[in-house]
Every structure is written in C-alpha cells, then in structure tokens.
Amino acid sequence: TEETIDVFRVHDRSTREVRERTEEELERGRLPLAPVNAEGFEDYAVNMIELPAEQERLRDTLFNAIYGQTMVFTTLDCAQRYRAAQKQQSRRTGTILTLDGWKVPHTGLLDKSTCYNRSAQMACVYGQIPTQQRPDYQALQNMGKALKAALPLLIEYADTAAALGRMETDDSDVTTAREAVEAIELELEQLLAPQQQRRQRR
C-alpha cells in the first residue's frame, strides 16, 4: 500500500508544494524527474516501462519503489564518465544500468555479480505492453466498431442524398429530404464524435 512503500511526489517549484502527479502529468506516462544532459544517457529506468493508462499510478508507487532514480546509459564507459563528472562536482549518483549489460552501484565498484549481460542472470525482464492493450490498437478497434455501427446510416444517407439530387429545386419534397439528410448527419456525428475525441486526446 502507499503507506508502506516510497510513493513518488512532485516538488512543484512554482507553488513550493509537494503533491501527487496531476491528470495531465499522468497522461504523459513519465515521472517528472530532473533532466540529465550526458553522453549515452537513455532515460530513468522508471520512465522506460510501458504501462496501460489505467495502471499508470503503479509508476508512482511500485516501480518508483523498485527503481527510484536509477538511470540507464548505453554503455559502461558512458556511465563511468558520468559518475566521474558528478564526483568532481561533489554530487552523489545512484545506481546506473547500462544497455551493454552492467549494473553500476552507487559505490561505483564493479565485480562479476554486477554484470547481467545474459538475460538468464537478470532478476526480471520487462517487455512491451501486449498489442491488445496498447492505446493505439484499442482506438482503432473502437473506431472500427463505430464505423460498423454507422454503416446502415451511411447507406441510408447515400440513398437519401441521391434522391435529393434528383429532385427539382421547387419540389415540395425537397425540404423533407433535406431534413432527413441533416438528421442522419447529426446521428453520424454523435456516433463517431466520442471516437474522434479519443484519437485527438492521444
């Protein structure tokens, strides 16, 4: 629970308050950690995990407790140069992982046990979110369902529009036909609008 693990809090400089992430910050899928400008820096480990939107709070709780501010660099050489630069400025560095298979502890001391170059030596391996749970896949599925539901209306719309086009401009049925077209257009708009809004938000 949140009472027993280290929960991430934003230190808001503008308001000088310590708070949880806002909804907008949650949608970004990242903890707002200090930027790092260093050769070979990939990201913070906690921000390299893909999570479904409904599980994003786990980044603040579980994964923050596991990884904290662990950094990921491309190579051991880049990681060691970064540590050396920080040490010269009397700044401490936490754990660093490298894409070529090394774990550099906060002490900077390396031995065979800190190398996890083979996946069998790793405590855990994280993969991508299953395709069915990806937001873009779900958005396409929802759009497909909406279009399928709209198909009868589209056919009716096409038939009504064609009939309207064949009418004389002074025909007494023109007004009725136009109202029918407008009603169908409104129904289509209401049916598809929620899906389009979701796509725009993404």
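The coordinates are above.
Residues numbered from 1 in each chain as written. Predicted model: local features only at pLDDT ≥ 70, side-chain atom pairs only at ≥ 80, totals over all residues. Heavy atoms only, no water.

**Q** What is the right way to read helix α4 (residues 76–88) from this model?
**A** A turn of α-helix holds 3.6 residues, and therefore any two residues three or four places apart point the same way. Look at α4: 18 Å from first C-alpha to last across 13 residues, which is about the 18 Å you get at 1.5 Å a residue. Among the residues of α4, Leu76, Cys78, Ala79, Tyr82, Arg83 and Gln86 are the ones counted as buried. Down the axis of α4, the smallest arc covering the buried residues is 160 degrees, so these residues share one side. Tucked into the core, α4 has its buried residues touching β4 (71–73), β5 (96–98) and β6 (103–104). A positive phi of about 60 degrees marks Ser90, the residue just after α4. (Helix = DSSP H or I, 4+ residues; strand = E, 2+ residues; numbered from the N terminus. Expected span 1.5 Å × (residues − 1). Buried < 20%, exposed > 50% of the residue type's maximum accessible area, 1.4 Å probe, protein only. Arc of directions from axis to C-beta. Contact = heavy atoms within 4.5 Å.)

**Q** What is the right way to look at the pattern of salt bridges in this model?
**A** Between side chains of opposite charge, a pair can form when the charged atoms approach closely. Evaluation of the coordinates by the stated rule reveals eleven salt bridges. When the shortest N-O distance is used, the salt bridge between Glu20 and Arg9 registers 3.8 Å. You can see Glu20 sitting in the loop between β2 (17–19) and α1 (23–28) and its partner Arg9 sitting in the segment before β1 (10–12), a full eleven residues away along the chain. Between Arg21 and Asp60 there is a salt bridge, and its shortest N-O distance comes to 2.5 Å. With a gap of 39 residues between them, Arg21 in the loop between β2 and α1 and Asp60 in helix α2 (residues 57–60) connect regions that are remote in the sequence. With a relative accessible area of 3%, Arg21 lands in the buried category. (Salt bridge = Lys/Arg side-chain N within 4 Å of Asp/Glu carboxyl O.)

**Q** For this particular structure, what's the right way to read the sheet that holds β4?
**A** Hydrogen bonds between backbone groups are what pair the strands of a sheet, and the pairing can be parallel or antiparallel. Across the sheet, four strands lie side by side as β3-β4-β5-β6; this open sheet has mixed pairing. In this open sheet, the two edge strands, each paired with only one partner strand, are β3 (41–44) and β6. Here three bridges tie β3 to β4, and the two strands are oriented antiparallel to one another. Pairing of Asp43 across the sheet is with Val72, part of β4. (Pairing = 2+ DSSP bridges.)

**Q** Explanation requested: the nonpolar core in the structure shown.
**A** Note on soluble globular proteins: their nonpolar side chains tend to be buried together. Judged by nonpolar contacts, the single largest core of 23 residues is most densely connected at Tyr44, Val46, Met71, Phe73 and Ile96. Breaking this core down by element, the ones donating at least two residues are β3, α3 (62–67), β4, α4 and β5. Ranked by residue count, the leading element in this core is α4, at four residues. (Core = buried A, V, L, I, M, F, W, Y, C linked by side-chain atoms within 4.5 Å.)

**Q** What am I meant to see in the side chain of Glu25 here?
**A** Tracing the chain through its elements places Glu25 in helix α1. Reaching out from Glu25, the side chain makes a polar contact with the side chain of Arg19 at a distance of 2.9 Å. Not counting residues within four places of it along the chain, the set of residues in contact with Glu25 comprises Val10, Arg19, Glu20 and Arg30. (Polar contact = N/O pair within 3.5 Å; in protein donor to acceptor, adjacent residues only side chain to side chain.)

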